[in-house]
Amino acid sequence: MRCKKTGIWLFLFLLVFMMSGCWDTRDINHRVMPVVLGIAKDSDQYKVFLQIPHPQLDIIQTKVVIGVGETINEIVDDISADMESSVDLLHVKVIVIDRHLAEEGVKDLISGIMRSRDVSSKALVAICNDDIDQFFESMEKNTSPGGTTLLDFFEKNAGWDPQIALTRVWQVYRSIHSYTRDVAIPMLRLGDTTLVEHVGSAVIKNGRMVEEINANETLLYNAFNGESTQGKIEVLNEGSVLILGNTMKHTSDVQDGKPFLHSKIKLDVMILETKGDPTPKMIEKGLEKLLTGRLNRMFSKLQVSEADILGLGQFFRKEIPRMNLKEWRSKYYKNLSTDFVVDVDIQNSGNLKNPD
Amino acid sequence: MDKSLYVVIMYILTHIGLILFLYPGNIIDSSSQGHWIPIVIGIIVHFIILFLLLTGLDRFPHQDIITIYLRAGKLVTFLFLFPTLLYFFMANIITVRAYSEVVTIVFLSNTPLWAIMALLLILSCYLATKGVEAIFRTGILLFLFLFPLICFILVVAFQNVDWHYVYPLWNDDFSFLTDSSYLRSFFAIGGVFLFIGFVRPIIPYKRKKVLLAAVALIPIFIISVYIPVLTFGQATASTFLFPFVMTVDAINLTWLMFDRLTMFFLLSIVIFILLFISLVLWMSVRIINKCLLPTIKPSYLVIAVSLIIYIICLWIPNWSDVEQLFKWNTSLRFYVIFGVPISIWILGVKARKEDES
């Protein structure tokens, strides 16, 4: 009996130590949790924008808080001191980087985020192609009462389309260190009739923006990265088609230090509209020509900038020894000759019969 | 009664706790390509020492390592049991210190270290005072709760892999064998298996089943290293302190109600580590109790030992000192994880010869 009692007391005593898990805790109602983090750089100083949702009676309104300082953490700290609640970056979902900062390089910024783990490494990265002050100002004014526009813009089950790149912080970090992989980050600007407008993607090499690709090229980038291209509509001279799915096959070869890649891209499409009376063959040919041309153009553009966002170097890891793989971008990628073959298959033509 | 299941589950849990933390980082640091080679070498070593220990123990039914050594004489006892005790002490100090540091690095950045260390030690000290059977039963319970979660995380962690990062597969350079981070990775390989030599009289088990448990661990050794490598590539993964934690961080499942799986992952690992700490506490106290101070009640000894460990842990100022301690401990660890199984095996062979003559 006595033993049992001491046991209970001991257990209760142990509970006291459980509190060590909640040290210095702040209640959830004393925290603000920004969902969008905007970062710009003015000469030497960072400028941080925090878009913070705060629920009103039936709707969610957002406000934007701005701070300036030497480092991101310092700014967040300052903002936290000035606000009535503490700022918690745990739930940041989208990081918007100013274009000038992206061109200058985001290596330190991304490394800092990965190091401190305040911001989730799953957060999406975007680049603001406009004046970032204006961008956030209109975010605050025009955000729909339902939530945050930017988040929905990227949400796969909301506003996302296959021609928008989905790049997360850890992928950017990987591209900074990886020998054979770069990333594309979506670029946004204020739209005329819609709040944001997607203008294509920025090509990031070693943490610096070196090139731009448009939305159509981003679709190919997504296809190469295994992201489904389903639902994208392609318009060509003969009509328009809906992409239902894509598969890819690559064969790589290195001869006398010259890499060669043969890629076969198979697309399943459905005919939506036709102009005149094209035969299915004509539509297939038209689409194949359109996409092959687009791929080749994009590739030669990327080759000049030495940024391997398609991850083509990945296919050569077998052939090129690791020592030389370090020089993939500078030595091999430039001499890479490719042969892109697009093979279009019309799966069906909707409710109407195929035009003959 | 055959209680092999207890031993098997405990074997798997404590090893998972050790593997999923520092092991991936150590392996990734030690070699830049063909990581399966160092992993496989480690696993082979694991099997050899385990097999030697089990074969040696089979010659002495219902006896633990301590009685076997005590029967073999004072010199043998001192040669092998004393370093083992020292090793257990060091292992506990390092584990408590390192894992509480990990907890602060990864999620409780505002909590002082002493509180986390106290929590870790009090819980495992309490468990150890209750005896080895309590530890093993707790193991079963935790296995039922947390093992499915760990399996789920191991499966969904494949979400972001890029299989091309497997290449290059072969590595001509075997310099990793002497690399200090590779030697440190043996903490996961030879860290806890000795407990099967201690629990024998209390929890009897079958040799075959323990070997099966070790086989079940092989995929975990490989997965723990390859998931980070395949997700980030060696060049990026080697910049992380805990590559596996970072990989779990990058898992994105919209249908899952929890935003960050890392928390659940880390908590289960820390709980497994609690089991490990209490098991090692119990073993060191058993050695002290049987060889040095037979009159004192084991539960008092457990408390005393935990207190000493806690005080030493408070002395260690930072993470680089923990790593330094890890390095110092390496030679002792190799002496113990090779010395004990081999000596038990030799004693077993000798006993058989005596039986025959």
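Keep in mind that this is a model prediction, so the values were computed, not measured. Numbers given for residues are sequential positions, taken from 1 along each chain in its written order. All chains are assigned letters beginning at A, and all ligands numbers beginning at 1, according to the order in which they are written. A pLDDT threshold of at least 70 governs which residues receive local features in this predicted model, and a stricter bar of 80 or more applies before side-chain atom pairs are shown or counted, although totals over entire chains, interfaces and linings include all residues. Where side-chain values are given, they derive from all heavy atoms of the structure, hydrogens and water being excluded.

Trainee: Explain the side chain of R200(B) here, please?
Mentor: Within the secondary structure, R200(B) is located in the loop between α9 (186–190) and α10 (207–232). Contacts between residues were defined by any pair of non-hydrogen atoms, one from each residue, lying within 4.5 Å. Leave out the neighbours within four places in its chain, and R200(B) touches L57(B), D58(B), F60(B), P61(B), H62(B), Q63(B) and Y205(B). In DSSP terms, a helix is any run of H or I states spanning at least four residues, a strand is any run of E spanning at least two, and both are numbered starting from the N terminus.

Trainee: Before we go on, may I ask you to explain the sheet that holds strand β9 (residues 196–205) of chain A in this structure?
Mentor: Pairing between the strands of a sheet is mediated by backbone hydrogen bonds and can be parallel or antiparallel. Residue and element names in this part refer to chain A. Note on pairing: two strands pair once DSSP finds at least 2 bridges between them. Across the sheet, 8 strands lie side by side as β4-β3-β2-β6-β7-β8-β9-β10; this open sheet has mixed pairing. Of all strands in the sheet, those with a lone pairing partner are β4 (60–69) and β10 (208–213), marking the two edges. Each adjacent strand pair in this sheet contributes to an overall mean axis angle of 30°, direction not counted. Bridge count for strand β6 (residues 94–98) against strand β7 (residues 124–128) is 5 bridges, and the pairing is parallel. Opposite V94, over in β7, you have L124 as the bridge partner. The strands that helix α2 (residues 72–82) touches are β2 (36–42), β3 (45–55) and β4; relative to β4, the one it contacts most, it runs at about 125°. Working convention: axes come from line fits to C-alpha atoms, limited for helices to the stretch in contact. Angles between N-to-C directions cover 0 to 180 degrees. Across the face of the sheet, helix α9 (residues 280–305) comes into contact with β9 and β10 while running at roughly 160° to β10.

Trainee: I keep staring at the packing of helix α1 (residues 4–19) of chain B against helix α7 (residues 132–156) of chain B and nothing clicks. Help me out?
Mentor: A pair of packed helices can be characterised by two numbers: the angle between their axes and the separation between those axes. Residues and elements named next belong to chain B. Running from N to C, α1 and α7 point in directions that differ by 55°, and their axes come no closer than 9 Å. Taken together, α1 and α7 sit at an angle that is classed as oblique. Both α1 and α7 take part in a crossing whose hand is left-handed. Contact residues: α1 offers Y6, V7, I9, M10, I12, L13 and I16, while α7 offers I135, F136, R137, G139, I140, L142, F143, F147 and I150. Of the residues contributing to the contact of α1 with α7, the split by class is 14 nonpolar, 1 polar and 1 charged. Roughly parallel here means an angle under 35 degrees, roughly antiparallel means over 145, roughly perpendicular means 65 to 115, and every remaining angle is called oblique. Rotating anticlockwise by less than a right angle from the far helix to the near helix defines a left-handed crossing, while the corresponding clockwise rotation defines a right-handed one. In the scheme used here, Gly and all other residues not listed as nonpolar or charged are polar, with Ala, Val, Leu, Ile, Met, Phe, Trp, Tyr, Cys and Pro taken as nonpolar and Asp, Glu, Lys and Arg as charged.

Trainee: Is there a simple way to think about the environment of W114(B) in this case?
Mentor: As for its placement among the helices and strands, W114(B) is situated in helix α6 (residues 113–129). Taking the C-alpha atoms as reference, W114(B) lies 13 Å from V102(B); in sequence the two are 12 residues apart.

Trainee: Explain unusual backbone geometry here, please?
Mentor: Excluding glycine, most residues fall at negative phi; most peptide bonds, likewise, are trans. Following Y167(B), the chain continues into P168(B) via a peptide bond in cis, with omega recorded as -10°. Among the structural elements, P168(B) can be located in the loop between α7 and α8 (180–184). You will see that N206(A), though not glycine, has its phi angle at about 50°, which is positive. Positive phi values are uncommon outside glycine, yet H62(B) reaches one of about 60°.

Trainee: Can you walk me through the interface of chain A and chain B in this structure?
Mentor: A common way to state how big an interface is: give the accessible area lost once the parts meet. Every contact between the two is made by 32 residues of chain A and, on the other side, 37 residues of chain B. Here's the idea: put two parts together, see how much 1.4 Å probe accessible area each one loses, and the total over both is what we call buried area. Summed over both partners, the interface of chain A with chain B comes to about 3,300 Å²; 59% of that surface belongs to carbon and sulfur atoms. What counts as a salt bridge is simple: a side-chain nitrogen of Lys or Arg found within 4 Å of a carboxyl oxygen of Asp or Glu. Linking chain A with chain B are 1 salt bridge. We note a salt bridge from R181(A) to D162(B), for which the minimum N-O separation is 3.4 Å. Polar contact is defined as a pair of N or O atoms within 3.5 Å, subject to the rule that within protein one atom must be able to donate a hydrogen and the other to accept it, and that residues adjacent in sequence are counted only when both atoms are side-chain atoms. Summed over the shared surface of chain A and chain B, the result is 9 residue pairs in polar contact (both at pLDDT 80 or more).

Trainee: Just checking my understanding: could you explain the pairing of strand β11 (residues 233–236) of chain A for this structure?
Mentor: The two faces of a sheet get side chains in turn, since along a regular strand they alternate between them. Residues and elements named next belong to chain A. Partly exposed describes any residue whose relative accessible area lies between the buried limit of under 20% and the exposed limit of over 50%, with all areas from a 1.4 Å probe on protein chains only and scaled to the type maximum. Of the two faces of β11, the one lined by E234 and L236 is fully buried and the one lined by I233 and V235 carries no buried residue. Both β11 and strand β12 (residues 239–255) contribute to a ladder of 4 bridges, which runs antiparallel. Pairing of E234 across the sheet is with V241, part of β12. Connecting the antiparallel pair β11 and β12 is a turn made up of 2 residues.

Trainee: Even after reading the chapter, I still don't get the confidence of the model for chain A, so can you show me in this structure?
Mentor: Segments scoring low in pLDDT should not have their predicted coordinates read at a detailed level. Confidence of the predictor at the level of single residues is given by pLDDT, which spans 0 to 100. In this model, chain A carries a mean pLDDT of 83, and residues with pLDDT of at least 70 account for 94%. Ranking the helices and strands of chain A by mean pLDDT puts β6(A) first, with 91, and helix α6 (residues 149–154) of chain A last, with 75.

Trainee: Explain the sheet that holds β11(A) to me, please; I cannot follow it from the model alone.
Mentor: All names here are of chain A. One open sheet holds the 4 strands; their spatial order is β11-β12-β13-β14, and the pairing between them is mixed. Lying at the two open borders of the sheet, with one neighbouring strand each, are β11 and β14 (337–348). The mean inter-strand angle of the sheet, taken between neighbouring strand axes irrespective of direction, is 40°. In terms of strand pairing, strand β13 (residues 258–274) meets β14 through 11 bridges, oriented parallel. Bridge assignment links L267 to a residue of β14, and that residue is V344. Against the sheet, helix α8 (residues 215–224) contacts β11, β12, β13 and β14, and its axis sits at roughly 60° relative to β12.

Trainee: Can you walk me through a nonpolar patch on the surface in this structure?
Mentor: Residue and element names in this part refer to chain B. Two joining distances apply to patches: 9 Å for like charges and 5 Å for nonpolar side chains (Val, Leu, Ile, Met, Phe, Trp, Tyr), and every residue must have over 30% relative accessible area and no salt bridge. We get accessible surface area from the Shrake-Rupley algorithm with a probe of 1.4 Å; when it comes to residues, only the shown protein chains can shield them. Side chains of W36, V40, I44, I48, L169, W170, F174 and L177 sit close together on the surface and give an oily, nonpolar patch of about 710 Å² of accessible area. With respect to the helices and strands, F174 occurs in the loop between α7 and α8. By relative accessible area, which is 35% here, F174 ends up partly exposed.

Trainee: When you look at a negative patch on the surface in this model, what are you seeing that I'm missing?
Mentor: The charge count includes Lys and Arg as positive and Asp and Glu as negative, but it does not include His or the ends of the chains. Think of each charge as sitting on NZ of Lys, CZ of Arg, CG of Asp or CD of Glu. A surface patch of negative charge is lined by D44(A), E70(A), E74(A), D77(A), D78(A) and D82(A). Mapped onto the elements, D44(A) comes out in the loop between β2 and β3.

Trainee: So what exactly am I meant to see when it comes to the packing of α6(B) against helix α13 (residues 261–292) of chain B here?
Mentor: Residue and element names in this part refer to chain B. Remark: α6 packs on α13, axes separated minimally by 8 Å, with the N-to-C direction vectors making an angle of 55°. In terms of axis orientation, α6 runs oblique to α13. Handedness of the α6/α13 crossing: right-handed. Judged by residue contacts, L120, L123, S124, C125, L127 and A128 of α6 engage V270, L274, L275, I277, S278, L281 and W282 from α13. Residue composition of the contact of α6 with α13, by class: 11 nonpolar, 2 polar and no charged.

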